[in-house]
Amino acid sequence: MTDPERQAARPAASPDAAIGLSIVVPVYRGAATVGALVEALSQLRPAGGLEIILVNDGSPDNSGEVCRALQKAAKVPLTYIEHARNFGEHNAVMTGLRHVRGSYVITMDDDLQNPPEEVLRLYDHARLGGWDVVYTRYAVKEHEGWRNLGSRFANKVADMLLDKPKGLYLSSFRCMSALAVQEVTKYRGPYPYVDGLLMQVTQRLDSIEVKHLPRAEGRSNYTLKRLVLLWLNLATNFSVLPLRLAILAGVAMGIAGLLGALLVTAEALMGETPSGWASMMTITLLIAGVQFLILGVLGEYVGRAFLSANGKPQGVVREVVTAGPAVGTQPGAEAPRMRAVS
């Protein structure tokens, strides 16, 4: 095992960490807002101290330059991590979690829709209540209408697929204990879904209501395609329910086919044999449709297993810039310039 691989395999945090709170921010098209976010977070004074981890997930704008400047001028410990390309929000969060030192870790977006002043409420609620994970929920969500519908649909699906309390809203603005982070970062597959991993780790979950502000700049980076891909991660990586639904669909169509065959046989015996073209085509198309649906579900599982077996990386870290020695390295050691997390 090489030194970079050992660093990647180390636990994310420990109860004896010197930092009370780590804040992980995935950055994508966030050049206009991440500076204000870091400035606001730097004013916070949580128990045990604060560090910030910015993960540039292959942003096509000048977010990298902005983040490097923020790292040099930071008033609090700030680590800048750059992905070699865009891997997705959850992949970026996983990379950030592997570099935290905090006893608790908060993840939040770079768009200022989550007010920084709510960070202390979230942290204190988790810390004082002894919760492993605390999610946030919003009285009013300042997203576009289709995003709100997509979020509600994803949470309804999560209620069916994940072992989570019914109605618990899964938001990206969440606080996790070091124990939860350490267990989550053991996952090396190329399709992480942080909330699904958390549900497998602990049942000590809670939520609090926080404010949700309108987006300060630009538009949401979550397109319909990204939301569908996120739903596929949830549906196929952390549940076999789609396979079971495919089995039920196959059984239902088998029963329907048997009833249809009995009906046709009865009509033939009674001498009332119809031409049968319409009924035959209808049954054929229905059965073929269900077969293709089942094959599609199986293909998605097989494809993901194939990519995982072939070592598709969860993320590739091009650069890590820290205020001091990188976590897990000796003083004076150079941070890895390119490292794959698979």
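Residues numbered from 1 in each chain as written. Predicted model: local features only at pLDDT ≥ 70, side-chain atom pairs only at ≥ 80, totals over all residues. Heavy atoms only, no water.

Before going further, it helps to spend a moment on the environment of Arg-137. Note that Arg-137 resides in strand β5 (residues 133-138). Of the residues examined, Arg-137 reaches a relative accessible area of 34% and is grouped as partly exposed. C-alpha separation for the pair Arg-137 and Ser-207, spaced 70 residues apart in sequence, amounts to 6.8 Å. Apart from residues no more than four positions distant in its own chain, Arg-137 is found in contact with Tyr-169, Ser-207, Ile-208, Glu-209 and Val-210. In this structure the side chain of Arg-137 is engaged in a polar contact, spanning 2.8 Å, whose partner is the side chain of Ser-207. (Helix = DSSP H or I, 4+ residues; strand = E, 2+ residues; numbered from the N terminus. Buried < 20%, exposed > 50% of the residue type's maximum accessible area, 1.4 Å probe, protein only. Contact = heavy atoms within 4.5 Å. Polar contact = N/O pair within 3.5 Å; in protein donor to acceptor, adjacent residues only side chain to side chain.)

Attention shifts here to unusual backbone geometry. With the exception of glycine, most residues fall at negative phi, and the peptide bonds are largely trans. In this structure, Arg-29 takes a positive phi of about 55 degrees despite not being glycine. Of note in this structure, Leu-112 is not a glycine but carries a positive phi near 65 degrees. Here Leu-112 is to be found in the loop between β4 (102-107) and α5 (118-129).

Take a nonpolar patch on the surface next. A cluster of nonpolar side chains, Ile-247, Val-251, Ile-255 and Leu-259, forms an exposed patch at the surface whose accessible area comes to about 390 Å². Within the fold, Leu-259 resides in helix α10 (residues 241-269). (Patch = residues over 30% accessible without salt bridge, like charges linked within 9 Å, V, L, I, M, F, W, Y side chains within 5 Å. Areas by Shrake-Rupley, 256 points an atom, 1.4 Å probe, with all protein chains shown as cover. Salt bridge = Lys/Arg side-chain N within 4 Å of Asp/Glu carboxyl O.)

Another aspect to go through is the packing of helix α2 (residues 34-42) against helix α3 (residues 63-72). With their axes 10 Å apart at the nearest point, α2 and α3 run at an angle of 25 degrees to one another. Overall, the two elements α2 and α3 adopt an arrangement that is roughly parallel. As α2 packs across α3, the resulting crossing turns out to be right-handed. Contacts from Val-34, Gly-35 and Val-38 of α2 reach α3 at Val-66, Cys-67 and Leu-70. When the residues that make up the contact of α2 with α3 are grouped by side-chain class, the tally is 5 nonpolar, 1 polar and no charged. (Axes fitted to C-alpha atoms, helices over the stretch in contact; angles between N-to-C directions. Parallel < 35°, antiparallel > 145°, perpendicular 65-115°, else oblique. Left-handed = near helix turned anticlockwise from the far one by under 90°. Nonpolar A, V, L, I, M, F, W, Y, C, P; charged D, E, K, R; others polar.)

Here we take up the packing of helix α4 (residues 89-97) against helix α8 (residues 194-201). Look at α4 against α8: their axes get within 10 Å of each other, and the N-to-C directions meet at 55 degrees. The angle between α4 and α8 falls in the class oblique. Residue-level contacts link His-90, Val-93 and Met-94 of α4 to Val-194, Asp-195 and Leu-197 of α8. Along the lines of polarity and charge, the residues of the contact of α4 with α8 split into 4 nonpolar, 1 polar and 1 charged.

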